[in-house]
Amino acid sequence: MNAAKSANYAKDKARQLQTALYLAAKGNPRRRFHALYDKVHRGDILWEAWKRVKANGGSGGVDGMTINHIVEAVGEERFVGGIQKTLMDGEYHPLPARRKEIPKADGKMRPLGIPAIRDRVVQMATKMVVEPIFEADFKDCSYGFRPNRNQHGAIRHIRRAVKKGVYWVVDIDIRGYFDNIAHEKLMQLVEQRISDRRVLKLIRQWLKAGFVKDDQFHETEVGSPQGGVISPFLSNLYLNYLDTIWEKKFAETGTLVRFADDSAPRMRGA
């Protein structure tokens, strides 16, 4: 099997798994999934995860390993195979993220936590396995960092609500959202659908991995670092609780449209 066929095979197998998990979760809203870790370290899942991380690009983490070095010196198959063996042997431990600050439009700085590429691949594989399960639960008002959803869909949703007639609009952004997510509350939400202890351990490890800034290690007691592959998914999971409460208690007040931690309720009356 040549490289192109191998890549397509991994992509197709990953899509089949995701579809099966989504349908199983959709068919039983109370089901908790207990056999997922073996899917995270499946060869086709890890290979597709590596391809996605490679396509996304970006700089390396605290270990200095870059994508170019992996491709040119280590070898892609050897790199992915090494990750698979580490996971299967139960010896995987994430490195702390590399902290980098980038300027925001308002002049402030946004902290990014850049995981090592090896950790990005494992995060991507885990995300590919668990995301379809929670996608079965996520609300239609949520558009940020979800498969086949984007800001254009959010804008169309807003326009449909406006055409129905609104009096005013409230634009909301949660300050420092990623940096202040409560780990235990987040894990409680994860555990509503996942009971596989090894997958839960992976997620806890990433949340507690800490970060390195100016050669100093810092622990992380709260938050999920922006820059991590799995962080946008976890942020959506955390805010899905908000979407659920709004749908149950405030639907008559207005229409909530959310893009990550930015939301804009369309109010029908003052």
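Before reading on, note that the structure itself is shown above.
Computed from a prediction, not measured in an experiment: that's the story for all the values here.

Novice: Summarise the packing of aromatic side chains; cite the residues concerned and give the values.
Specialist: Tallying each qualifying case throughout the model produces seven aromatic pairs. The interplanar angle of 50° and the centroid separation of 6.3 Å between the aromatic rings of Tyr177 and Tyr238 together place this pair among those described as tilted. Here the residue Tyr177 occupies a position in the loop between strand 4 (172-173) and helix 8 (183-191), and Tyr238 occupies one in helix 10 (residues 231-249), the gap between them amounting to 61 residues. Residues Trp246 and Phe250 carry aromatic rings whose centres are separated by 5.5 Å and whose planes lie at 45° to one another, so their mutual orientation is tilted.

Novice: So, a positive patch on the surface: which residues are in play, and what are the values?
Specialist: A contiguous patch of positive charge, built from Arg156, Arg159, Arg160, Lys163 and Lys164, is present on the exposed surface. Here Arg159 is to be found in helix 7 (residues 151-163).

Novice: Hey, could you go over the pattern of salt bridges for me, with residue numbers and the actual values?
Specialist: Applying the stated criterion across every chain yields a total of 18 salt bridges. For Asp12, the salt bridge identified is with Arg15, shortest N-O distance 3.2 Å. Taken as a pair, Asp12 and Arg15 lie in helix 1 (residues 3-27) at a separation of three residues, close to a single helical turn. Measuring nitrogen to oxygen at the nearest pair gives 3.2 Å for the salt bridge that ties Arg118 to Asp119.

Novice: Please provide a residue-by-residue account of the packing of helix 3 (residues 43-56) against helix 5 (residues 76-88), values included.
Specialist: In helix packing, the relevant descriptors are the interaxial angle and the interaxial distance, both defined with respect to the helix axes. Where helix 3 contacts helix 5, the two axes come as close as 10 Å, and the packing angle between them is 125°. When the axes of helix 3 and helix 5 are compared, the pair comes out oblique. Handedness of the crossing formed by helix 3 with helix 5: right-handed. Here Gly43, Leu46, Trp47, Trp50, Lys51 and Lys54 of helix 3 lie close against helix 5, whose contacting residues are Glu76, Glu77, Phe79, Val80, Ile83, Gln84 and Leu87.

Novice: Before we move on, could you go through the packing of helix 4 (residues 67-74) against helix 5 and cite the residues and values that matter?
Specialist: At a minimum axis distance of 7 Å, the contact between helix 4 and helix 5 shows a crossing angle of 110°. Comparing the axis directions of helix 4 and helix 5 gives the class roughly perpendicular. Between helix 4, through Ile70, Val71 and Val74, and helix 5, the contact on the second element is made entirely by Glu76, Arg78 and Phe79. Grouping the amino acids of the contact of helix 4 with helix 5 by side-chain chemistry returns four nonpolar, no polar and two charged.

Novice: Which residues make up unusual backbone geometry, and what are the values?
Specialist: Glycine aside, residues mostly have negative phi angles, and peptide bonds mostly take the trans form. Positive phi values are uncommon outside glycine, yet Phe145 reaches one of about 55°. The phi dihedral of Asn148 is positive, around 60°, even though this residue is not glycine. Tracing the chain through its elements places Asn148 in the loop between helix 6 (117-135) and helix 7.

Novice: Give a detailed account of the environment of Asp261, specifying residues and quantitative values.
Specialist: Its place among the elements puts Asp261 in the loop between strand 8 (258-259) and strand 9 (262-263). When its relative accessible area of 13% is taken as the criterion, Asp261 is described as buried. Leaving out residues up to four positions away in the same chain, Asp261 has contacts with Ile172, Asp173, Ile174, Tyr177 and Leu239.

Novice: Would you mind going over the sheet that holds strand 6 (residues 216-218) in detail, with residue names and values included?
Specialist: Taken together, the four strands give an open sheet; going across it, the order is 2-1-5-6, and neighbouring strands pair in mixed fashion. The strands lining the two open edges of the sheet, one partner per strand, are strand 2 (109-114) and strand 6. Taking the axes of each pair of neighbouring strands and ignoring which way they run, one obtains an average angle of 40° across the sheet.

Novice: Give a detailed account of the nonpolar core, specifying residues and quantitative values.
Specialist: Leu36, Trp50, Leu87 and Val190 are the most contacted members of the largest nonpolar core, which totals 54 residues. Not counting chain neighbours up to four residues away, the residues in contact with Leu36 comprise Leu21, Val129, Val130, Ile133, Ile194, Asp196 and Val199.

Novice: Which residues make up the side chain of Thr220, and what values go with them?
Specialist: Relative to the assigned elements, Thr220 resides in the loop between strand 6 and helix 10. Here Leu207 takes part through its backbone oxygen, which lies 2.8 Å from a polar atom of the side chain of Thr220. A polar side-chain atom of Thr220 sits 3.1 Å from the main-chain amide nitrogen of Gly210.

What counts and what doesn't
- Residues numbered from 1 in each chain as written.
- Predicted model: local features only at pLDDT ≥ 70, side-chain atom pairs only at ≥ 80, totals over all residues.
- Heavy atoms only, no water.
- Phe/Tyr/Trp six-rings, centres within 6.5 Å; stacked < 30°, edge-to-face > 60°.
- Helix = DSSP H or I, 4+ residues; strand = E, 2+ residues; numbered from the N terminus.
- Patch = residues over 30% accessible without salt bridge, like charges linked within 9 Å, V, L, I, M, F, W, Y side chains within 5 Å.
- Areas by Shrake-Rupley, 256 points an atom, 1.4 Å probe, with all protein chains shown as cover.
- Salt bridge = Lys/Arg side-chain N within 4 Å of Asp/Glu carboxyl O.
- Lys, Arg positive; Asp, Glu negative; His and termini not counted.
- Charge placed at Lys NZ, Arg CZ, Asp CG, Glu CD.
- Axes fitted to C-alpha atoms, helices over the stretch in contact; angles between N-to-C directions.
- Parallel < 35°, antiparallel > 145°, perpendicular 65-115°, else oblique.
- Left-handed = near helix turned anticlockwise from the far one by under 90°.
- Contact = heavy atoms within 4.5 Å.
- Nonpolar A, V, L, I, M, F, W, Y, C, P; charged D, E, K, R; others polar.
- Buried < 20%, exposed > 50% of the residue type's maximum accessible area, 1.4 Å probe, protein only.
- Pairing = 2+ DSSP bridges.
- Core = buried A, V, L, I, M, F, W, Y, C linked by side-chain atoms within 4.5 Å.
- Polar contact = N/O pair within 3.5 Å; in protein donor to acceptor, adjacent residues only side chain to side chain.

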